[in-house]
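Structure assessment
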Amino acid sequence: MAGAKSALVLCMDVGFSMSNSAPGEEPPFELAKKVIQKFVQRQVFAETKDELALVLFGTDSTKNPLDQDGQYQNITIHRHLMMPDFELLEEIQNQIHPESQQADWLDALVVCMDLLQRETKGKKYDRLNIVLLTDLNTGASADHLDVIIENLKKDGITLQFFLPFPVEEDEEGGGDADRRGPSHPGMGKGLSREQKNSMDMMKHIMLSLDEEDGLDQIYTFTNAIEQLCMFKRIERRPMSWPCQLTIGSSLSIRIVGYKAVTEEKLKKLWISVDAQTNKREDLKRETVYCLDDDNETEVQKDDTIQGFRYGSDIVPFSKVDQEQMKYTHDGKCFAVLGFTKQSLVHRHQFIGNQVIKIFAPKDDEWPCRPSSGRWHELKMVAIVRYAYDRRSNPQVGAAFPCIKQDYECLLYVQLPFTEDLRQFTFPSLENNKKFTPSDTQLSAVDSLIDSMMLVEENENGEQVDMFKVHQLPNPAFQRHFQCLHHRAVSPGTPLPPMEPWLKAALERPEVISERCQAPLEEMRKTFPLTEVEKKKKVKTSAQLFGKDSEEPDAKKAKGDEEEEEYNLADIAEGSVTSQLTHRIEQLLSNKNTQYYMKSITCIQAFREQSIEQGNADLYNSYLQSLKRSIPNRGLEVFWDLLVQGTISLFTWDCRISLKSFLP
Amino acid sequence: MAEWNAYYHNEDEEEEQEEGEQSGGDYKVTGRDSLVFLVDASKEMFIKGEDGQPSNFDMTMEVVRSVYTSKIISSHRDLVALVFYGTEQSKNPRNSFKHVYVYHDLDEPGAKRVRDVDGLQGDKGAQLAADTMGSGETSLGDALWCCANLYSDIKLRLSHKRLMIFTCRDDPHGDDSTKDRQARTKASDLKETGVVIDLMHMMKPGGFDVSLFFCDIVSPPEDESELGLQLEPCDKLDDLKKRVRAKEQKKRTMSRLNLCLGKGINVAVGMYATAVMTRKPSAIRLYRETNEPVRSKTRTFHTQTGSLLLPSEIKKAQVYGKKQIVMERDEVDTIKRFDDPGLLLMGFKPMEKLKLHHHIRPAVFLYPEEDEVKGSTCLFSALLMKCREKNVFALCRCISRRNYPPRFVALVPQKEEVDHGKVQITPPGFNAIFLPYADDIRTVDAPQCPVASQMQVNKMKEIVSKLRFKYRSDAFENPVVQQHYRNLEALALDMMAPEDTEDLIMPKVEQIDQRLGPLVQEFKDLVYPNGYNPESKPAAKRKTDTGGGAEKKPKMEVSEDELKAHMQNGTLGKLTVPILKEACKQFGIRTTGTKKQELLDALTARLGS
């Protein structure tokens, strides 16, 4: 199945009727353009192998291979079948405008079919699809309708329609506009005769292709935009892992495993590029080795060997020796060590970052089911030795029987080794009178929990979960793609704010936050909470630089070296600013790029400190005086550096812009 | 150059960040932990138990050894010392104390020390101890004073200081009240400098009475509930080990966060990693001539001018849809920023809504931090009680560090449990279970297969019950890590061959076969038809795998034109990794990575220029 992809033609109406709209409504053209944009965006970032073509109709010009004898006029193939890229997105953004002609949408459909036929020849696709975005406002001739349907069926092409208005299934009663909700734009004037006519044809086509669900493939622009605002979730085809489950030496059962749950990462990492040229080739990273002496004598990589720490000892241990002496095993394995009570395997001790589902292989005629599933009545789990292959390290894990309505499988999760466990003890909470909550406090918590239950029964007695995390797309990916897309299509502008839907998805559901108001108020009253003032804590510049150990930073603790460097400037709170300016002046007395960089860091800290204290005067006046002194002190180079670094040092949300100081 | 290192360090960090987040075990350590074993070497310690039970001294040495080796593996930077008191001989830095024998000074444990402790075990060990140290007068005061000197002689910054006294004598000085008083004074001096003193008291005939003397020596337990002193004396090695292990590791928070229930209701909690995957440590580079470690420095410079680049002269980029998208370095951070670090309560769900298979990374443990927000413990405790009572978990949005994107966690209440010796085995608090997003769940098509008959099921049940055992999470050592350290040990001590490691996660096939007996055949007869061998197919396959490895590799060559065509259409990604590798070789591109994306990038860079 590798290499399976689909081919898709986006066929958009740009004719003049598409720009008509009721006052205050967005014209259908704009909506349709948005649908296309969002769709292509998703395709680009998902990096699927799917190919895409774009056909416009209602264009002033004509450009398609069927253009002959005045037929198939005003239809333009804008882009042939290929993988979508940013070029296409930019073209959609800048080159697609409403035009003044009208074209037969059935003609356009035929052009699309022809395109698919020509351009997919000799290649393998698992799906051919045409998407039509139109207001159906052109008189279409129904002459060849049957031939068209026949050909669609023959080539296995599926169709989707995107319209400015909804379609109702029982529309025989005539299209009186007031029966439909006023919420749909484009409905203001009711449908024209052409539209009604076209609608009937469209329905005819859709129902002939799929009698039952054909009409489900007709969408409205607004719905589509809502659904497309999310970037595609990362999809990976699970790889099968055939193996044998063994119990003892003589009982083995064929199984196949699939990774079912795992923490997905973005496929691409950031690469470093030169800030001026934006080219990565202009940068080179180099690692050198040096002795830990005063001169930091460099040594060649070839002159180094590898070693390991054994406590205080460092043991030279060559790769060859390591390879020879290392732990080896027989490879792929899923062997039962024994069975144990499920209650002895604690959920919080699951380790690793994946869950594997184990099935009986598809082609196996003989069931492994009895072994896989049915012992669940005993509330037992299998403890197994698992090794993916010969090169990977073996694990110990648990295989839980999992019985679902339509399948049975084992769920494998890794369990910790002795070395992995940290047995911490904590003071008891129950035996301590000082912290025992009173009855009033307990009942406050009780009602808080009741008011904040996310799972409720609806009127049909079904449980409704209003916050399903596993249906939420990873917000980090959504935001990542949103920013990348923004930067790609509108370079030079600051990053956009988070999408409102995403922000809302990360907050409490509204029902809950309303319902819990009163219980929360009660909690506030019954539980006194006071933040402990840390008097002794000295605010060091290290903290200003975001290395506050209390507030965890994404960046890990750096080497001691760096810490020391910043500790040079350990500064007592209160006099931070004067100390900083002193330090800056001190650094500036050394006319050297390294020291300039440090001064800039200090200035940045100074600025942050000023913002924190809500007092920008000191900072502003200092910077002004600094600027005045630049020519006298011959610090032009430094000033240039400072100004160049504007963006990286002074983030765009900063209230004080350095620009205002520029000469 | 130090400053430059600092800057360029940052960049490495950024790229490793994802991993850091995953392992969850990265603590910020500001100093070294230290641990002193103060062991009674009096005659009583050497008395063997009934039925050849090991002596208290033997048990202690066994424990010391296991702490040494576990420190070497998991925290080699910690300092450990071994001091005996009540000896005949004396050996201490200034030889100012009599009857105190410093066997190991406060230092990082190494291979030699492990051997030393080995040497003190068993009959031979007892003999050796008698020869070198002997048993003599006891002055715990002097011993404690000597230990205080050990601490003060250390030039490094110590973050956590602990002293464990191993003894079976509850009244070490007999009627000598001066010595008692002196010991008390020294103990309180030590405690004042931040040393935590624990008592590992062991069984002796007549029982161990803590209140006679030692209650004034040891540090009060954290929770003031006198739990510590109610402990029974240890008479089993396992108990002693467990007790020592519980104390020996300093618990450190991964981070301290606010658990926000609603506006203005913030409970301070600490996050602890209780299970962190121990991997083989990474190698360090040594200079061939002297075997001294070398430092590595990574620098970024301009290819044309050769000058070193400032951070502001570097930007970050990703390529999508044939377009390179460039961002400032700080923008890359801002993208990941959603909110300040903290836990935000979203609501509660019944326990059964927590799915077993919703597992993406090890859980963390939450415990209140009264020192940060007063009142936290009370609210936390109320929440814990009520969640347990109502059988619900709390769903929270968790931003564990600055500039980390949010994850959702299920806070599952955990009740405190103690064992028969009143040692805590599970602490009270919440386990935070990380929940997967839609992206993390893969669609797996479940294959259809026939339903098993009741007979087959029953037979399987029989098999299952035959192979029952009691699982303990600390029962399995990691054979890979163990083997690695045995190898190092052998090399460090010039041993002929590394000690054998027992692979504990190997199924005990013979035992299993024996226990199952005829059941296997009966089961097979029920499930498989005559002659069916489930092993047949894969076995055959394996043969070709190993035997014909060379032939299996198809020739993979793609012409330059084809590659260029792929690039034009953006379909380069369709090629398989081996083909891409081959192509890289063809063009003489040296690639460092083996990831597909890296290969693609390398090729695109080459062909595009």
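Naming follows an unreviewed UniProt entry, where chain B appears as DNA helicase of Lates calcarifer. On record in UniProt, under Subcellular location (unreviewed entry), the comment for chain B is "Nucleus". The UniProt entry for chain B carries this comment under Sequence similarities (unreviewed entry): "Belongs to the ku70 family."

Going by what an unreviewed UniProt entry lists, chain A is known as X-ray repair cross-complementing protein 5 and is assigned to Lates calcarifer. The UniProt entry for chain A carries this comment under Function (unreviewed entry): "Single-stranded DNA-dependent ATP-dependent helicase." If you open the UniProt record of chain A and go to Sequence similarities (unreviewed entry), you find "Belongs to the ku80 family."

For the rest of this paragraph, the subject is the overall build of chain B. Along its length, chain B carries 18 helices and 19 strands. Counting only residues that meet the buried cut, chain B has 54% of its 609 residues in that class. Relative to all contacts within chain B whose residues are 6 or more apart in sequence, the contacts with residues 24 or more apart total 69%. Accessible area of chain B: about 27,700 Å², with a carbon and sulfur share of 48%.

This part is about the environment of Lys 49 of chain A. Residue and element names in this part refer to chain A. Along the chain, Lys 49 falls in the loop between α1 (28-46) and β2 (51-57). When its relative accessible area of 31% is taken as the criterion, Lys 49 is described as partly exposed. Separated by 35 residues in the primary sequence, Lys 49 and Pro 84 place their C-alpha atoms 9.1 Å from one another.

Below, the discussion takes up the sheet that holds strand β5 (residues 157-163) of chain A. All names here are of chain A. Taking strand neighbours across the sheet as the criterion, the six strands line up as β3-β2-β1-β4-β5-β6 in an open arrangement whose pairing is mixed. Only two strands of the sheet have a single neighbouring strand rather than two, namely β3 (75-82) and β6 (218-220). Each strand of the sheet is rotated relative to its neighbour by a mean of 15 degrees, with strand direction disregarded. Judged from the seven bridges that link them, strand β1 (residues 6-13) and strand β4 (residues 127-133) form a sheet pairing that is parallel. Bridge assignment links Leu 10 to a residue of β4, and that residue is Val 131. Seen against the sheet, helix α2 (residues 86-95) touches β2 and β3 and runs at an angle of roughly 160 degrees to β3.

With that settled, the discussion passes to the pattern of salt bridges. If you walk through the whole model with that rule in mind, you get 45 salt bridges over all chains. With its nearest N and O atoms 3.4 Å apart, the salt bridge here joins Glu 51 of chain A to Lys 5 of chain A. On the criterion of sequence distance, the pair formed by Glu 51 of chain A in strand β2 and Lys 5 of chain A in the segment before β1 is long-range, its members being 46 residues apart. In this structure, Glu 51 of chain A and Lys 5 of chain A share a single accessibility class: buried. Between Asp 123 of chain B and Lys 48 of chain B there is a salt bridge, with the nearest N and O atoms lying 2.7 Å from each other. Of this pair, Asp 123 of chain B sits in helix α4 (residues 122-132) while Lys 48 of chain B sits in the loop between β1 (32-40) and α2 (56-74), and the two are 75 residues apart along the sequence. Through salt bridges with shared partners, a single network forms among Asp 446 and Asp 450 of chain A together with Lys 386, Glu 389 and Lys 390 of chain B.

On the surface, a cluster of negative charge is contributed by Asp 210, Glu 211, Glu 212, Asp 213 and Asp 216 of chain A. Mapping Asp 216 of chain A onto the fold places it in the loop between α5 (193-209) and β6.

What follows concerns a positive patch on the surface. Taken together, the side chains of Lys 49, Arg 237 and Lys 267 of chain A together with Lys 596 of chain B present a region of like positive charge at the surface. In this structure, Arg 237 of chain A sits in the loop between α6 (221-228) and β7 (240-247). Judged by its relative accessible area of 60%, Arg 237 of chain A falls in the exposed class.

Turning our attention to the interface of chain B and chain A. Buried accessible area, meaning the area lost when the parts come together, often serves as the stated size of an interface. Taken together, the contact pairs 241 residues of chain B with 220 residues of chain A. Both faces considered, chain B and chain A share a buried interface measuring about 23,400 Å² in area, 60% of it formed by carbon and sulfur atoms. At the boundary of chain B and chain A, one finds 14 salt bridges. With a shortest N-O distance of 3.6 Å, Glu 263 of chain A and Arg 407 of chain B are connected by a salt bridge. Element by element, the count of residues in the side of chain B that touches chain A is highest for helix α1 (residues 2-23) of chain B, at 17 residues. Broken down by class, the residue content of the side of chain B that touches chain A amounts to 116 nonpolar, 53 polar and 72 charged.

What counts and how
- Residues numbered from 1 in each chain as written.
- Chains lettered and ligands numbered in written order.
- Predicted model: local features only at pLDDT ≥ 70, side-chain atom pairs only at ≥ 80, totals over all residues.
- Heavy atoms only, no water.
- UniProt positions renumbered as here; feature names shortened; annotations may be inferred.
- Helix = DSSP H or I, 4+ residues; strand = E, 2+ residues; numbered from the N terminus.
- Buried < 20%, exposed > 50% of the residue type's maximum accessible area, 1.4 Å probe, protein only.
- Contact = heavy atoms within 4.5 Å.
- Areas by Shrake-Rupley, 256 points an atom, 1.4 Å probe, with all protein chains shown as cover.
- Pairing = 2+ DSSP bridges.
- Axes fitted to C-alpha atoms, helices over the stretch in contact; angles between N-to-C directions.
- Salt bridge = Lys/Arg side-chain N within 4 Å of Asp/Glu carboxyl O.
- Patch = residues over 30% accessible without salt bridge, like charges linked within 9 Å, V, L, I, M, F, W, Y side chains within 5 Å.
- Lys, Arg positive; Asp, Glu negative; His and termini not counted.
- Charge placed at Lys NZ, Arg CZ, Asp CG, Glu CD.
- Buried area = accessible area lost by both parts, 1.4 Å probe.
- Nonpolar A, V, L, I, M, F, W, Y, C, P; charged D, E, K, R; others polar.

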